[in-house]
Amino acid sequence: MGRTARNIERTGTLTAGFGPFIVGILNVTPDSFSDGGDFLDPEAAAEQAAAMLDEGADMLDVGGESTRPGSDPVSQEEEIRRVVPVLERILSARPEAVICVDTYRAGTAMAALEAGASLVNDVTALRGDPRMVSVIEEAACPVILMHMQGDPKTMQKDPHYEEVVREVKEFLAARAEYAVAAGVRPEYIIVDPGIGFGKNLEHNLALLRNLDAIVGLGLPVLIGASRKSFIERITGVQEARDRVSGTVATTVLAYERGATFFRVHDVRANREALAVAQAVLHSPRR
Ligand code: HH2
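Residues numbered from 1 in each chain as written. Predicted model: local features only at pLDDT ≥ 70, side-chain atom pairs only at ≥ 80, totals over all residues. Heavy atoms only, no water.

## Thoughts on the site of the ligand
Of all residues adjacent to the ligand, which total 18 residues, the nearest are Ser 32, Ser 66, Asp 192, Lys 228 and Arg 263. Taking Asp 102, its side chain carries an N or O atom lying 3.0 Å from a nitrogen atom of the ligand. Separating an oxygen atom of the ligand from a side-chain N or O atom of Arg 263 is a distance of 2.8 Å. When each cavity is represented as a set of grid points, the ligand is found to reside in the largest pocket. (Near = heavy atom within 4 Å. Polar contact = N/O pair within 3.5 Å; in protein donor to acceptor, adjacent residues only side chain to side chain. 1 Å grid on protein atoms, 1.4 Å probe; cavity = no way out; pocket = protein on both sides within 12 Å on 5 of 7 lines; lining within 4 Å. Sits in = over half its atoms within 2 Å of the grid points.)

Listed below in structure tokens is the structure:
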């Protein structure tokens, strides 16, 4: 069995499991909102990957394009040039690492899967590139389908919903159905309400508050609230790196409501908080 197949099999174990699972964020970009430029050098990126794995990350999410509000896309060639050497470097040091590639481009996904990535995180939920669904189907790999209203360039201009929770839930159900109809294995689909992607503060809070409705779809749910600007709106913490406590609050609340995957920059803090939340919620009763 090749490396990719073996890693995908391990990832299948993750998607079938109960979690909670920590997904460590590794942005190989010059312009990501909280860690842009920190890990452009493959050596620095591999060190950060190892540190997150040592702190207890169950998988890593490696991305080569920022999708922060107002960001511009990069070319597929540039995205591959950023991501693939980093994947190779991480996997040569840590062959068992489960790595997700954060991309909506079929070509990048293919190159990353070839280099040993095990799953694909598509913030467009397979709408960004018509070829993506067949890449996922052919690789028989898990996929994260995320909700976004609009695109990163303009999504925060004036997000609007009649009923945000219902609309996000219906969107995710429809995208999961589309994927399954195209041959993607239903047990390999993870859904994500897309905190901060075409949502104002109230929208983000409504989604977190009512996350059990999204969990009700019966698919594992990923939550990506780490260091995002809605935390600054509540706490006043301007420096994104310092929004750890606010992030941890979202992690614990989302876990209690049934989320399975937590996409975070600060692995140790979120891991410890989840361990305590798990102990409180699931310790056997006397
Ligand atoms: N958030 C970001 C990027 N990818 N993927 C999923 N599934 N869910 C998310 O919430 C999500 C995501 C944005 O955060 P980050 O990667 O830290 O920043 P940037 O897009 O600026 O690189």
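## Section: the layout of surface pockets
By volume, the largest pocket is sized at about 500 Å³. Looking at the largest pocket, it is lined by 33 residues, and the ones nearest its centre are Phe 33, Arg 68, Pro 69, Phe 197 and Lys 228. Residue assignment for the lining of the largest pocket shows that the elements contributing at least two residues are strand E1 (21–27), helix H7 (201–209) and helix H9 (229–235). Quantified by volume, the second largest pocket comes out at close to 220 Å³. Leu 205, Leu 208, Phe 230, Thr 250 and Leu 253 are, among the 13 residues lining the second largest pocket, the residues nearest its centre. If you list the elements that add at least two residues to the lining of the second largest pocket, you get H7, H9 and helix H10 (244–256). (Points joined across faces, edges and corners; volume = space filled by probe spheres on them. Helix = DSSP H or I, 4+ residues; strand = E, 2+ residues; numbered from the N terminus.)

## Re the pairing of strand E6 (residues 189–192)
With burial as the criterion, each face of E6 is covered, one bearing Ile 189 and Val 191 and the other bearing Ile 190 and Asp 192. Examined bridge by bridge, strand E5 (residues 143–146) and E6 share four bridges and lie parallel to one another. Its bridge partner lying in E6, Leu 145 is registered against Val 191. Crossover connection from E5 via helix H6 (residues 164–181) to parallel E6: handedness right-handed. (Buried < 20%, exposed > 50% of the residue type's maximum accessible area, 1.4 Å probe, protein only. Pairing = 2+ DSSP bridges. Right-handed = clockwise from strand over helix to strand, strands pointing away.)

## Quick word on helix H4 (residues 106–114)
For H4, the complete set of buried residues consists of Ala 106, Gly 107, Thr 108, Ala 109, Ala 112 and Leu 113. Positive backbone phi, at 115°, marks Gly 116, one or two positions downstream of H4.

## Comments concerning the side chain of Asn 270
If you trace the backbone, Asn 270 turns up in helix H11 (residues 267–282). Within the local environment of Asn 270, its side chain forms a polar contact with the backbone oxygen of Asp 266, the two atoms lying 2.7 Å apart.

## So, the pattern of salt bridges
Inspection of the entire model under this criterion finds 20 salt bridges. A salt bridge links Arg 185 to Glu 187, with the shortest nitrogen-to-oxygen separation between them at 3.2 Å. Overall, Glu 187 belongs to the partly exposed group, its relative accessible area being 43%. It is possible to trace a salt-bridge network through shared partners that takes in Asp 38, Glu 239 and Arg 241. (Salt bridge = Lys/Arg side-chain N within 4 Å of Asp/Glu carboxyl O.)

By themselves these figures say nothing about function.
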